[in-house]
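# Residue-level structural notes
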Amino acid sequence: MMRTELDAAGITEPELRRSYRICRELNARHGKTFFLATRLLAPDQRPAVHALYGFARRADDILDDFRPQLSTTERAARLNALARQFEAGDTGGDPVLAAVLHTAQTYRIPGHLFSAFLASMRLDLSVTDYPDRAALDRYVYGSAEVIGLQLLPVLGATDTAAAAPYAAALGKAFQLTNFLRDVDEDLARDRVYLPADELAAHGVDRELLLWCRRHRRGEPRVRRALAAQHAITRKIYAHAREGIALLAPRSRPCVTTAATLYAEILDRIEAADFEVFGRRARVGTGRRLQVGAAGQLRAWWARRPAGPTRPNTPRAAAHDSVSPLDSTDSREPT
């Protein structure tokens, strides 16, 4: 299957093909829901998406490497080295870098989107709490919104400038969903990705969250605070979905499927009465396959032959879907 995808994408150099295969394996292993959604893309689109995922995973692995001998300074040095290599176009023998640099060049993805992503990753080395929505939004822009913007040239759009805000919003919705689902896990890493002032409005602070974690159960004030965050995230999904119609028709089934499955994590959290301690909200395999099968049918219909068409190559796709930003320069749910 991967061979077919690489052939469709016009990737012929053996070492580069190996790099893309490694990125695909990372996606399949660590991002089950996201990987399922990529199966609904056209074969020529998939390698680039795997490469972008692989790069994000590489940075995340540096942050969450739990070896005790690695200090914050050493992790920062590794992130900085990754940034320098990317900016210099130097793979340093790293297959993930080779694939993402090739993808960025092929689709003309602006470098500042990668810089913003790495800047947010650096925040995770020193910032453990966010005082308000504005501070959290600055982090989320680099950690999630830019991912949507990186993907947009690969997905293609009928109007890229109009589609960009929606692509960013969907990345934000995915990230906020992760934050709600992973309150317990994030506390274990000494992080709280919820605005402190909005929690305080419900009588919640870090100490109360830690109490819930120690006792493996929620508390009424925490449930009310999480419900408020849940409502905000729902509104962002509703806004982001309005932009799916602006994407290239062949990409809509993939994005619709991903949005549906990620949003259903919110359903599971709500159904559990916002009990996020000692359990992890999941969309079951059966449901993922059901939604994926419906998406596959829509994808097949969108890509069905309809008379003479232009050759479907990355170069052509990039030409049709240049990011409006070109002129200026985790975590997966299961």
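Each chain has its residues counted from 1, following the order in which its sequence is written. Reporting in this predicted model follows two pLDDT cut-offs: at least 70 for local features of residues, and 80 or more for side-chain atom pairs to be given and counted; totals over whole chains, interfaces and linings ignore these cut-offs and use all residues. Only hydrogens and water are removed before side-chain values are computed, so all heavy atoms of the structure are retained for them.

- The name given to the chain in an unreviewed UniProt entry is Phytoene/squalene synthase family protein, with the source organism recorded as Nocardia implantans.
- UniProt positions are given in the numbering used here, feature names are shortened, and annotations may be inferred rather than shown by experiment. Regarding the chain, the relevant UniProt record gives this comment under Pathway (unreviewed entry): "Carotenoid biosynthesis; phytoene biosynthesis."

### Considerations on the pattern of salt bridges
- Basic side-chain nitrogens of Lys or Arg form a salt bridge, by our definition, when they fall within 4 Å of a carboxyl oxygen of Asp or Glu. The final tally for this structure, using the stated rule, is 24 salt bridges.
- The partner of R223 in a salt bridge is E275, with the nearest N and O atoms 3.5 Å apart. Here the residue R223 occupies a position in helix α13 (residues 220-241), and E275 occupies one in the loop between α14 (252-271) and α15 (285-303), the gap between them amounting to 52 residues.
- Here E270 ties to R234 by a salt bridge, and the two come within 4.0 Å at their closest N and O atoms. With a gap of 36 residues between them, E270 in helix α14 and R234 in helix α13 connect regions that are remote in the sequence.
- Using a 1.4 Å probe on the protein chains alone, a residue whose accessible area is under 20% of its type maximum counts as buried, one over 50% counts as exposed, and one in between counts as partly exposed. On the basis of relative accessible area, E270 is assigned to the partly exposed category, the value being 43%.
- One connected set of salt bridges, linked through shared partners, spans E5, R24, R39 and R46. A helix here means a DSSP run of H or I that spans at least four residues, while a strand means a run of E at least two residues long, and both kinds are numbered starting from the N terminus.

### Considerations on the packing of α13 against α14
- The contact between α13 and α14 brings their axes to 11 Å, and the two run at 160°. Viewed along their axes, α13 and α14 adopt a mutual orientation that is roughly antiparallel. Considering the relative orientation of α13 and α14, their crossing is left-handed. Of the residues in α14, those in contact with H230, T233, R234, Y237 and R241 of α13 are A259, Y262, A263, L266, D267 and E270.
- Taken together, the residues that form the contact of α13 with α14 break down as five nonpolar, two polar and four charged. Angles run from 0 to 180 degrees between N-to-C directions of axes, and those axes are lines fitted to C-alpha atoms, restricted for helices to the stretch in contact. Put simply, angles under 35 degrees are roughly parallel, angles over 145 are roughly antiparallel, angles from 65 to 115 are roughly perpendicular, and the rest are oblique. Each crossing gets its handedness from the near helix: less than a right angle anticlockwise from the far helix is left-handed, clockwise is right-handed. Any pair of residues with heavy atoms lying within 4.5 Å of one another is described as a contacting pair. Following the grouping adopted for this structure description, the nonpolar residues are Ala, Val, Leu, Ile, Met, Phe, Trp, Tyr, Cys and Pro, the charged ones are Asp, Glu, Lys and Arg, and the polar ones are all others, Gly among them.

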